[in-house]
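# A structural walkthrough
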Amino acid sequence: MELLSKLFDITKLPSKFFAWVVLLSACALFLPSNILVALQIEKFPADYKPFIGAAFLGASCFLLINCTIWVWSKAKLWFARRSLNVRIVSALTELDYSEKAVLREFFFQGKNVIELPVDRPTVAGLLQKGVLAPCGTTGFRSLAGSVFPCRMGSLARNLVTSYLVEYPDTPTESDIRDIHRSRPNFVHDIERNDRWRSGM
């Protein structure tokens with residue numbers, strides 16, 4: 001019995017089927033008689049007209065509900081993305097020293113994806129705000145913590161500039177020494193671990 005109920009569950013039918021029902025029933029109900037004669041369907045039994053009307057009304061309601069749900073889901077997604085973008089922009093305007101040091105690593109290493117300890121408070125905060133995004137599920141444990149490849153989020157990547165993270169466009173030797181001193185402590189642990197893993 002359950003199999004039969006699933007087989008005839010109209011909600012499982014695609015919307016195209018209901019659009020087809022609406023179109024056919026609308027033709028039978030609303031086309032002028034001369035067109036019905038040309039299509040040779042003018043002799044369709046009149047007793048069936050109530051059933052055609054019911055099919056038109058039912059299929060139209062189903063399509064209307066589906067369209068409403070689709071529009072609502074798209075609107076929710078748009079507002080969610082807009083809210084996330086607002087939070088990211090707000091977070092980037094309030095970066096503290098530690099957060100700038102983490103984001104500066106993308107410029108210092110010259111990479112789009114770098115390894116970061118996701119359980120460190122600063123990194124976890126940037127992930128939670130949407131400024132950073134994890135790149136895969138494969139990481140490793142080190143003295144730095146749980147290290148995973150990370151990248152900047154799509155919006156943050158367009159907004160984070162070298163000026164924002166206080167990284168000079170043409171760093172001098174003095175600038176490079178200062179940047180080295182200001183790098184997060186965990187970066188050196190990750191680099192040592194990478195050298196050990198590569199046998200160096």
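Heads up: these notes are all about the structure in this document.

About the thresholds
Residues numbered from 1 in each chain as written. Predicted model: local features only at pLDDT ≥ 70, side-chain atom pairs only at ≥ 80, totals over all residues. Heavy atoms only, no water. Axes fitted to C-alpha atoms, helices over the stretch in contact; angles between N-to-C directions. Helix = DSSP H or I, 4+ residues; strand = E, 2+ residues; numbered from the N terminus. Parallel < 35°, antiparallel > 145°, perpendicular 65-115°, else oblique. Left-handed = near helix turned anticlockwise from the far one by under 90°. Contact = heavy atoms within 4.5 Å. Nonpolar A, V, L, I, M, F, W, Y, C, P; charged D, E, K, R; others polar. Expected span 1.5 Å × (residues − 1). Bend = angle between axes of the 7 residues up to and from the residue. Buried < 20%, exposed > 50% of the residue type's maximum accessible area, 1.4 Å probe, protein only. Polar contact = N/O pair within 3.5 Å; in protein donor to acceptor, adjacent residues only side chain to side chain. Pairing = 2+ DSSP bridges. Salt bridge = Lys/Arg side-chain N within 4 Å of Asp/Glu carboxyl O. Arc of directions from axis to C-beta.

### A few points about the packing of helix H2 (residues 15-30) against helix H4 (residues 49-93)
Think of two packed helices as two axes; the pair is described by the angle between the axes and how far apart they sit. Two numbers describe how H2 lies on H4: the axes approach to 8 Å, and their chain directions differ by 140°. Comparing their axes, H4 and H2 come out oblique. H4 is crossed by H2, and the crossing has left-handed handedness. Where H2 approaches H4, its residues Ser15, Phe18, Ala19, Val21, Val22, Ser25, Ala26, Ala28, Leu29 and Phe30 are matched on the opposing element by Lys49, Ile52, Gly53, Ala55, Phe56, Ala59, Ser60, Phe62, Leu63 and Asn66. Its residues assigned to classes, the contact of H2 with H4 shows 14 nonpolar, five polar and one charged.

### Things to note about helix H5 (residues 97-109)
End to end, H5 covers 18 Å across 13 residues, agreeing with the expected 18 Å (1.5 Å per residue, within 8%). Of all the bends in H5, the greatest, near 25°, is centred on Leu103. Listed in full, the buried residues belonging to H5 are Glu99, Lys100, Ala101, Val102, Leu103, Arg104, Glu105 and Phe106. By the N-cap criterion, in which a side-chain oxygen at the helix start approaches the backbone nitrogen of a residue two or three places on, H5 is capped by Asp96, the distance to Ser98 being 3.2 Å. Phi turns positive one or two residues past the end of H5, at Gly110, with a value near 65°.

### Digging into the pairing of strand S4 (residues 145-152)
In this sheet, S4 lies alongside strand S1 (residues 113-117) in antiparallel orientation, the contact comprising five bridges. Residue pairing across strands places Val113 opposite Arg151, the latter belonging to S4. Alignment of strand S2 (residues 132-134) against S4, held across three bridges, turns out to be antiparallel. In the sheet register, Ala133 faces S4, and the bridge partner there is Arg151. Taken together, the three bridges between strand S3 (residues 140-142) and S4 define a ladder with antiparallel strand orientation. Bridge pairing in S4 links Phe140 to Val147.

### Regarding the pattern of salt bridges
Overall, the coordinates contain seven salt bridges when judged by the stated rule. Glu166 is the salt-bridge partner of Lys100, the closest N and O atoms lying 3.1 Å from each other. One end of the pair, Lys100, is in helix H5; the other, Glu166, is in the loop between helix H7 (154-159) and helix H8 (173-182), and 66 residues separate them in sequence. For Lys100, a relative accessible area of 18% puts it in the buried group. Arg181 serves as the salt-bridge partner of Asp178, at 2.2 Å between the closest nitrogen and oxygen. Of the two residues, Asp178 and Arg181 both sit in helix H8, three residues apart, roughly one turn of that helix. Each of Glu105, Arg183 and Glu191 takes part in salt bridges that share partners, so that together they form one network.

### Some points on H2
The end-to-end C-alpha distance of H2, which contains 16 residues, comes to 22 Å, matching closely the 22 Å that a straight helix rising 1.5 Å per residue would cover. If you check which residues of H2 are buried, you get Phe18, Val21, Val22, Ser25 and Ala28. Down the axis of H2, the buried set is contained in an arc of 135°. They therefore lie on one face. Residues of H2 that are exposed and point over 90 degrees away from its buried face: Lys16, Leu23 and Phe30. In this structure, the buried side of H2 is in contact with helix H3 (33-38) and H4.

### Quick look at the side chain of Ser182
Mapping Ser182 onto the fold places it in helix H8. For Ser182, a relative accessible area of 16% corresponds to the buried category. A polar contact is formed between the side chain of Ser182 and the side chain of Arg104, at a distance of 3.3 Å. Within the structure, the side chain of Ser182 is placed 3.0 Å from the backbone oxygen of Ile179, a separation counted as a polar contact. If we skip the residues at most four places from it in the chain, Ser182 touches Tyr97, Ala101 and Arg104.

The values reported here are purely geometric and, on their own, carry no functional implication.
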